[in-house]
Structures are given as structure tokens and as C-alpha cells.
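Here are the chains, one letter per residue:
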Amino acid sequence: MSIAATFATGRRKTAVARVILKPGSGEVVVNDRPFDEYFPTLQMQNGVIEPLELCEMTKKFDITITTHGGGPMGQVGAARLGVARALCEIDAELRPKLKAAGMLTRDPRMKERKKAGRPGARKRFQFSKR
């Protein structure tokens, strides 16, 4: 394990998260706010620290996350990918375990753009025969 801080970037939908992992006691700070204040639900909190729990390193690193764009769940997904990538940089032997759990795959699903002459991406205006 390295002693210096490790940086990684994660993305999901339009959210971007920059993650800094450094040896510590397990403290998590998101956008200069406490972890449980920024991500209020347990589901969100577990989503972010899931890679650490999988590798059994929850209390070994302090995490600083700077995130912007997207919504809360998009930011959770981006932070999760960033944490997983940072763990891979720290210890390459963790890669197979994280990859098998699907934590190193960037979710490519994005919102489809609205098309001209339509009310939404695929929806059409109501058809009128007469």
C-alpha cells in the first residue's frame, strides 16, 4: 500500500466525482460537508463505500470527494466508481475482485436528447385523424 494520497475520477450520467483516498481512520467528506449530511439515506452512503466494504478496508482510508453535476444518485454512482478506481491504483491485486462485482465499469446510460418536432426524446404529439 502506498503512503501518499491517491486520486481518481468517476462519472455517472452527467455527474462527475473526484476522489482522494489517503490512509486514515475511515472519515468521509463530500464537498466539504460530512458524509451523512451530503448523502442522507443509508442506501446512498452504502453505495459510496461499497468498494471499501468489498475489499474490507472501510477503516483504513480517509476519503475526500468533490462532486458536481447530475442528481444525488448519479453523484453516488460517480463517487463509487471513483473510490473503486482509487483502490485499484493503491493495490492492483484488488482489481479482479472489484471487476467481478461490476464496480470498475462506467455505466454508459445517459439521458436521450430531445428530437426536433417531438415533445420528448421518443414521444410523439397526439395523432388526430381529422
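Reading guide: rules and limits
- Residues numbered from 1 in each chain as written.
- Predicted model: local features only at pLDDT ≥ 70, side-chain atom pairs only at ≥ 80, totals over all residues.
- Heavy atoms only, no water.
- Helix = DSSP H or I, 4+ residues; strand = E, 2+ residues; numbered from the N terminus.
- Rg over C-alpha atoms; globule rule 2.2 N^0.38 Å.
- Buried < 20%, exposed > 50% of the residue type's maximum accessible area, 1.4 Å probe, protein only.
- Contact = heavy atoms within 4.5 Å.
- Lys, Arg positive; Asp, Glu negative; His and termini not counted.
- Charge placed at Lys NZ, Arg CZ, Asp CG, Glu CD.
- 1 Å grid on protein atoms, 1.4 Å probe; cavity = no way out; pocket = protein on both sides within 12 Å on 5 of 7 lines; lining within 4 Å.
- Points joined across faces, edges and corners; volume = space filled by probe spheres on them.
- Nonpolar A, V, L, I, M, F, W, Y, C, P; charged D, E, K, R; others polar.
- Salt bridge = Lys/Arg side-chain N within 4 Å of Asp/Glu carboxyl O.
- Pairing = 2+ DSSP bridges.
- Axes fitted to C-alpha atoms, helices over the stretch in contact; angles between N-to-C directions.

Peer 1: Just to check I follow, could you spell out the overall build of the chain for this structure?
Peer 2: Each helix and strand in the chain was counted, giving four helices and five strands. Order of helices (α) and strands (β) in the chain, N terminus to C terminus: β-β-β-β-α-α-β-α-α. At 18 Å, the chain has a C-alpha radius of gyration far larger than the 14 Å of a compact globule built from 130 residues. Taking the principal axes of the C-alpha coordinates as reference, the chain spans close to 75 × 30 × 20 Å. Counting every position in the chain, which comprises 130 residues, the buried fraction comes to 35%. Long-range pairs, those at least 24 residues apart, make up 66% of the contacts in the chain between residues at least 6 apart in sequence. The chain carries 25 positive and 13 negative side-chain charges, and their two centres are separated by 19 Å.

Peer 1: When you look at the layout of surface pockets in this model, what are you seeing that I'm missing?
Peer 2: Over the atoms rolls a probe the size of a water molecule, and in doing so it shows where empty space is left. Size it by volume and the largest pocket reaches roughly 280 Å³. Considering the residues around the largest pocket, the lining is formed by 16 residues, among which R12, M73, V76, G77 and R80 are closest to the centre. For the lining of the largest pocket, the per-class residue count stands at four nonpolar, six polar and six charged.

Peer 1: Explain the pattern of salt bridges here, please?
Peer 2: Should their charged atoms come close, side chains of opposite charge can pair. Taken as a whole and judged by the stated rule, the model has six salt bridges. The salt bridge involving D107 is made with R109; its shortest N-O contact spans 2.8 Å. For R109, a relative accessible area of 55% gives the class exposed. Here E112 ties to K115 by a salt bridge, and the two come within 2.8 Å at their closest N and O atoms. Given a relative accessible area of 24%, K115 falls into the partly exposed group.

Peer 1: Can you walk me through the sheet that holds strand β5 (residues 61-68) in this structure?
Peer 2: Within a sheet, neighbouring strands are paired by backbone hydrogen bonds and run either parallel or antiparallel to one another. With mixed pairing, the five strands of this open sheet are ordered in space as β1-β2-β5-β3-β4. Of all the strands in the sheet, the pair left with one neighbour each is β1 (6-12) and β4 (33-34). Packing against the sheet, helix α3 (residues 72-90) makes contact with β1, β2 (15-23) and β5, and its axis sits at approximately 145° to β1.

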